[in-house]
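Observations on the three-dimensional arrangement
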Amino acid sequence: MGYSQVAVLASAQTQLRPAWNDAQHIDLISAVVGNVFKGTGLTLDDVDFVIDSGSDVLDGRSISNCGFLGALGAHHKEEARVEEDGLWAALYGVNKIRSGASSVGLIVAYSKPSESDVDLYWSSMVDPFYQRPVGFGQKAALGIQAQRYLAAHGITDRALADVVARRWAAAAANDKVAMGKAPDADAVLGSGEAALPLTNLMISRPVDGAVAVLLCDGDIARRSGRPPVYVTGMGTSLETHSFAARSVNRLDSVEKAAAMACGKAGWASGAAADVVEISGSSVIGELLTLEGLGLAAAGRGIDAAMDDKVNRSGGALPADPIMATGLVRLAEAAKQLAAPARAGLAGPAKALVHGTGGVAMQTNCAFTLEV
Amino acid sequence: MLYAPDTSPIDLPTFHSVISLPYTLTPGRCAGTFLAEMPNRRIVGSRFADGSVVCPAQDFSSLDGEEPEALVQAPETGTLTGFTRVGTDVIGLIRLDGCANEFPHRILADLPAIAVGMRVAARWSDDDKGTSILAIEGFVPAPDAPQGEVKPLVGPAEPLGVIPYAMALNYEHAYGPYYGRMFDEIREGGRVMGVRGSGGDDALLPPREIDDITHKRTGTWKACADTGTIRACSIINMEVYGQTRPVPYVYAEIVLDGASTRMIHMIDIDDLESAKKSIKPGTRVRAIWTKGERKGAVSDIERFEVIDA
């Protein structure tokens, strides 16, 4: 028996807001779990397993998924928690279906960073003897990453700000992200220093929200009456924990993850994709990711960043529901393939999806999707 | 999007919570020695089989997991390889002379004076003479600093065994519409309200939008009695971290009359032996509310007590 095909059948998202002050995690989770089945012909009874992503540190309770099981629809079902971005939860789910062990999987990721101190969340990830005391954390790592990249490649602050403004405009058009007026490049440059040379808007904005994705095998997908979007490749790779020991001005693990995913899909490189949804922790992180995915040469990520096919949803810069961001990218990419006209695409297409986690994008995951 | 609950919105402030845990961190031999040598003002690195030196000292190579052969004394001078500013702190990556790696530390200089490739030297702190990496206050520009050398570490200090450590994480949890109304009803009315499950009259406590078991919408609001029945209990006679009252007491899971789920609360007892006889699953109990103004919290019920048969 061969492996099953696996499809992204449907997705549901809450709005991504700076703070969902009037909703708990379970309120956000049950909203997306309730909505994800609409129009699929499936119900929760058809779900063989639930895999969820979130962070105990962000949630403020240990094994936080235990308190969310009912909202997740996981009562008396197989359930597992992935303490990594939701794209890894999807990877786990795809493998369970592809192996033939299951037919339908519900993948859920959620985040309420508004309830905690995000800097402490990042600080909890770094070494407590050498790094935490000197103030090294996510912002410092992203700042050093950016300083080196700009010095090496002569990119201007203005060019970076143009990319960020483009992402906010895309997010405003996509209507999934709560925001005031989308900032233009001047507003990006004037948003205050976060970590030199990055301004606050050049770093991804933490937001609250939840996303659910329904995965199923090929047979169910074909019967569902929705255009199936197949997962044709996946890859994942990690950088060393020691930020200072990583390659300068490149994300090797993005390259490795993309090579693994594209190899499975039979693509020559990530450049084959018509839709690219990536999770940059900063605008420089986006450029490094585009280069790692094979969409631009080293130092030229800025060119690919302005391509229409990249982050039509807006990406992570305007809305980073930490731990759910990559799964949002998967949902957004699958929607663009399932309804190409709405996304401004000519026809059947390929998508490349990227998720990340850890300080300065230590872990990276890539999916290829095809219709 | 979220369904609107069949109640007016409750505009409660967030629920403040702190997770503050004590730790005893184990630095291991290399980091333990590095930290133990801070008061001696020596910077310790690890030398690996290929001759490369990593500083601060590490028990394992972060690249290939190899273990070092020896501890060495690294020089106090090096080169800046990258930097940023977060708030008012300038943080840079420093490669000490003779070392293969870089590490982050504070750079004690104004930005215009800082450039990648510049020579830097450690400045020892006047204030911190303890076993923290902050005994090195930071690195200062040292344009004329001669190239330093890695030397053998003569007479290393005993590595620190464990390091007491604490981390406190602050939270502002949202109540949401369901918990919000429940706590508001406790505060305003001194009554415990739940919502009916999706298929019956008994209430779920705490209330929620979706029934955990059926994953269907829950029903209408319902006030439960403040009397109920113990369904599980344990006499707690051991002091553990995080307790809110002195031992002994009884931890009880109580189904309030009119509810279908258990709520957790406490029962005060005089002594263990009589508690064993009088408190068990099936025992009827009543809530004893606190005197004075209610806060809108489970602790507005001070405790439960046994209803004498």
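Residues numbered from 1 in each chain as written. Chains lettered and ligands numbered in written order. Predicted model: local features only at pLDDT ≥ 70, side-chain atom pairs only at ≥ 80, totals over all residues.

What follows covers the overall build of chain A. Helices and strands together make up the secondary structure of chain A, namely 13 helices and 11 strands. Taking 371 residues into account, the globule formula puts the C-alpha radius of gyration at 21 Å, and chain A, at 19 Å, falls close to it. Referenced to the eigenvectors of the C-alpha coordinate spread, the extents of chain A come out at roughly 55 × 45 × 40 Å. A burial count over chain A gives 62% of its 371 residues as buried. (Helix = DSSP H or I, 4+ residues; strand = E, 2+ residues; numbered from the N terminus. Rg over C-alpha atoms; globule rule 2.2 N^0.38 Å. Buried ≥ 20, exposed ≤ 12 C-beta atoms within 10 Å, placed from the backbone.)

The next point concerns unusual backbone geometry. The amide bond that connects Cys55(B) to the next residue, Pro56(B), takes the cis arrangement and shows omega of 0 degrees. Tracing the backbone through its elements, the reader meets Pro56(B) in the loop between β3 (53-54) and β4 (70-74). Of note, the amide linkage connecting Leu205(B) to Pro206(B) takes the cis form, showing an omega dihedral of -10 degrees. On the secondary structure map, Pro206(B) appears in the loop between β13 (203-204) and β14 (221-224). Phi at Asp175(A) takes a positive value of approximately 65 degrees, unusual for a residue other than glycine. Tracing the backbone through its elements, the reader meets Asp175(A) in the loop between α7 (157-174) and α8 (185-189).

Our next topic: the nonpolar core. Core analysis: the largest hydrophobic core is formed by 198 residues, its most contacted members being Val108(A) and Leu327(A). Discounting residues that sit within four places of it in the chain, Leu327(A) has contacts with Ser53(A), Asp85(A), Gly86(A), Leu87(A), Ala89(A), Ala90(A), Ile107(A), Ala109(A), Val211(A) and Val213(A). (Core = buried A, V, L, I, M, F, W, Y, C linked by C-beta atoms within 7 Å. Contact = placed C-beta atoms within 7 Å.)

Another point: the sheet that holds strand β2 (residues 43-47) of chain B. Read across the sheet, 4 strands follow the order β3-β2-β4-β10 (chain B) without closing on themselves; strand pairing throughout is antiparallel. Because the sheet does not close on itself, it has two edges, and the strands there are β3 and β10 (151-152) of chain B. (Pairing = 2+ DSSP bridges.)

To continue, consider the domain arrangement of chain A. Residues and elements named next belong to chain A. Domain annotation of chain A identifies domain 1 (6-116 + 206-223), domain 2 (118-202) and domain 3 (229-370). Between the C-alpha centres of domain 2 and domain 3 there is a distance of 18 Å. Contacts between the two partners involve 28 residues from domain 2, matched on the other side by 24 residues from domain 3. Residue assignment for the side of domain 2 that touches domain 3 shows that the elements contributing at least two residues are α6 (138-153) and α7. In terms of residues, the side of domain 2 that touches domain 3 owes the most to one element, α7, which gives 10 residues. In terms of residue class, the side of domain 2 that touches domain 3 is made up of 20 nonpolar, 5 polar and 3 charged. (Domains from an automatic or database assignment. Nonpolar A, V, L, I, M, F, W, Y, C, P; charged D, E, K, R; others polar.)

All names here are of chain A. With their axes 5 Å apart at the nearest point, helix α4 (residues 86-98) and helix α13 (residues 325-338) run at an angle of 65 degrees to one another. For the pair α4 and α13, the contacting residues are Gly-86, Leu-87, Ala-89 and Ala-90 in the first and Gly-326, Leu-327 and Leu-330 in the second. Here the residues of the contact of α4 with α13 are counted per class, giving 5 nonpolar, 2 polar and no charged. (Axes fitted to C-alpha atoms, helices over the stretch in contact; angles between N-to-C directions.)

Further remarks concern the interface of chain B and chain A. As a measure of interface size, the accessible area lost when the parts come together is often cited. Counting from both sides, the interface comprises 48 residues of chain B and, opposite them, 47 residues of chain A. Secondary-structure elements contributing two or more residues to the side of chain B that touches chain A are β1 (15-25), α1 (28-36), β5 (77-86), β6 (89-96), β7 (103-106), β11 (163-173) and α2 (176-189) of chain B. If you tally residues by element for the side of chain B that touches chain A, the top one is β11(B), at 7 residues.

Before going further, it helps to examine the sheet that holds β13(B). All names here are of chain B. The 3 strands lie next to each other as β13-β12-β14, forming an open sheet whose pairing is antiparallel. Each edge of the open sheet carries a strand with a single partner, namely β13 and β14. Here strand β12 (residues 192-196) pairs with β14 via 4 bridges, running antiparallel. Within β14, the position partnered with Val-192 by the bridge is Cys-224.

Residue and element names in this part refer to chain B. In the predicted model, chain B carries a mean pLDDT of 93, and 96% of its residues have values of at least 70. Here residues 1-7 scores under 50 on pLDDT; set against residues more than four positions off or in separate chains, the count is 13 contacts. For this predicted complex, the interface confidence score (ipTM) comes to 0.93, while the overall pTM stands at 0.95. (pLDDT = per-residue confidence, 0-100.)

Residues and elements named next belong to chain A. Here α6 spans 22 Å end to end across 16 residues, near enough to the 22 Å set by a 1.5 Å rise per residue. The complete set of buried residues in α6 reads Gln-138, Lys-139, Ala-140, Ala-141, Leu-142, Gly-143, Ile-144, Gln-145, Ala-146, Gln-147 and Tyr-149. Once α6 ends, the next one or two residues include Gly-154, with phi positive near 60 degrees. (Expected span 1.5 Å × (residues − 1).)

It is worth spelling out the packing of helix α1 (residues 25-35) of chain A against helix α3 (residues 65-72) of chain A at this point. Residue and element names in this part refer to chain A. The N-to-C vectors of α1 and α3 enclose an angle of 35 degrees; their axes lie 8 Å apart at closest approach. Once α1 is placed against α3, the crossing between them reads as right-handed. The residues of α3 that touch α1, namely those facing His-25, Ile-26, Ile-29, Ser-30 and Val-33, are Phe-68, Ala-71 and Leu-72. Tallied by class, residues from the contact of α1 with α3 come to 6 nonpolar, 2 polar and no charged. (Left-handed = near helix turned anticlockwise from the far one by under 90°.)

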